[in-house]
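Summary of structural features
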Amino acid sequence: MRSPALAPIALLAALLITAAAAPPAQAVGGPPGDVDGDTISDTVEQVVCGSDTCATGAEDADGDGIPDVVEVVSCGSTTCADPWADVDGDGIPDYVERLVCGSDTCSDGEEDEDGEGIPDWVEWVICGTATCATGAEDLDGDGVSDADGLRAYADHQRAALAVTGASLTWTPWVLGAAVLVTAGGGALVALRRRKQDRARLEAGGVER
């Protein structure tokens, strides 16, 4: 059963997806497998919305902060990826590890397909491919790049697990959120409040 609380990475992804501009549509006649030349394969577009040219890249059928086009590539449907699942507790969501290297536990967090210094997993979270981020993205305008914030969070996760040797629980997620808030990730304050509000609602409390 999916937890109602989203991981900090999922929240940032949701905000980035909402703010990101969709790839410019091109006339029919793109490269093989991408008839409209929008970088979303025809096969993926068919799963997302039923034709070779209908997806914008911003669709999110289950509202989990992961674009449908990313979910389809990761695990085959628009609702299959779990934004908080992290089986090895390394701070990199399982769905992103599958995209980077093919399994839930294979990434060391440093894979960098285009060699520009931003790990592939960070680029997938920010904009949906392994080569799309510039490193300048700063959705909340706090002066800390989204790439730096994500890496700080994952680094903290690894450090916490190395010290405790424990499996991932809610505590490291909250500590990770605190690291990003300290680094300027103000959006995570809203995440923590949202998690608390949902917990109160489930317990029969009143949302503040």
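Residues numbered from 1 in each chain as written. Predicted model: local features only at pLDDT ≥ 70, side-chain atom pairs only at ≥ 80, totals over all residues. Heavy atoms only, no water.

This part covers the overall build of the chain. Helix and strand counts for the chain come out as eight helices and zero strands. Along the chain, from the amino end to the carboxyl end, the secondary structure elements read α-α-α-α-α-α-α-α. The buried share of the chain, reckoned over its 208 residues, is 39%. A fraction of 44% describes how many contacts in the chain between residues 6 or more apart in sequence connect residues 24 or more apart. (Helix = DSSP H or I, 4+ residues; strand = E, 2+ residues; numbered from the N terminus. Buried < 20%, exposed > 50% of the residue type's maximum accessible area, 1.4 Å probe, protein only. Contact = heavy atoms within 4.5 Å.)

Another point: the packing of helix α2 (residues 42-49) against helix α3 (residues 68-75). Remark: α2 packs on α3, axes separated minimally by 9 Å, with the N-to-C direction vectors making an angle of 115°. As summarised for this structure, α2 and α3 are arranged roughly perpendicular, according to the angle between their axes. Judged by the twist between their axes, the crossing of α2 over α3 is right-handed. Facing V44, V47 and V48 of α2, the residues of α3 in contact are D68, V69, V72 and V73. Along the lines of polarity and charge, the residues of the contact of α2 with α3 split into six nonpolar, no polar and one charged. (Axes fitted to C-alpha atoms, helices over the stretch in contact; angles between N-to-C directions. Parallel < 35°, antiparallel > 145°, perpendicular 65-115°, else oblique. Left-handed = near helix turned anticlockwise from the far one by under 90°. Nonpolar A, V, L, I, M, F, W, Y, C, P; charged D, E, K, R; others polar.)

Under the defined criterion, the tally for this structure stands at four disulfides. Through a disulfide, C75 is tied to C80; the S-S separation comes to 1.9 Å. Every disulfide takes its handedness from the sign of the S-S torsion; for C75 and C80 that torsion is 90°, giving right-handed. For C75, a relative accessible area of 33% gives the class partly exposed. Note on cysteine connectivity: C101 is disulfide-linked to C106, with sulfurs 1.9 Å apart. Residues C101 and C106 are joined through a disulfide that is right-handed, its torsion about the S-S bond being 95°. Judged by its relative accessible area of 35%, C101 is partly exposed. When the bonded cysteines of the chain are counted from the start of the sequence, the pairing works out to 1-2, 3-4, 5-6, 7-8. (Disulfide = S-S within 2.5 Å.)

Two numbers describe how helix α4 (residues 94-101) lies on helix α5 (residues 120-127): the axes approach to 9 Å, and their chain directions differ by 120°. Here α5 runs oblique to α4, going by the angle between their axes. α5 is crossed by α4, and the crossing has right-handed handedness. Between α4 and α5, the residues in contact are Y95, V96, L99 and V100 and D120, W121, W124 and V125, respectively. Counted by class, the contact of α4 with α5 contains seven nonpolar, no polar and one charged residues.

With that settled, the discussion passes to α2. Regarding α2, the residues found buried are D42, V44, E45 and V48. The buried residues of α2 occupy an angular sector of 155° when projected down its axis, which confines them to one face. Along its buried surface, α2 packs onto α3. Count one or two residues on from α2 and you reach G50, which has phi positive near 100°. (Arc of directions from axis to C-beta.)

Before going further, it helps to spend a moment on the confidence of the model for the chain. On average, residues of the chain carry a pLDDT of 75, and 63% of them reach 70 or more. In the model of the chain, helix α7 (residues 170-182) stands out as the element of lowest mean pLDDT, 39, in contrast to α2, which has the highest, 96. Taken together, the stretch residues 1-7 has pLDDT below 50 and engages in 23 contacts with residues farther than four places along the chain or on a different chain. (pLDDT = per-residue confidence, 0-100.)

All chains considered together, the criterion is met by two salt bridges. Note that D104 and R98 form a salt bridge whose closest N and O atoms lie 2.6 Å from each other. Residue D104 is classed as partly exposed on the basis of its relative accessible area of 27%. Of the charged contacts in the structure, one is a salt bridge between E110 and R151, with a shortest N-O distance of 3.0 Å. One end of the pair, E110, is in the loop between α4 and α5; the other, R151, is in helix α6 (residues 146-164), and 41 residues separate them in sequence. (Salt bridge = Lys/Arg side-chain N within 4 Å of Asp/Glu carboxyl O.)

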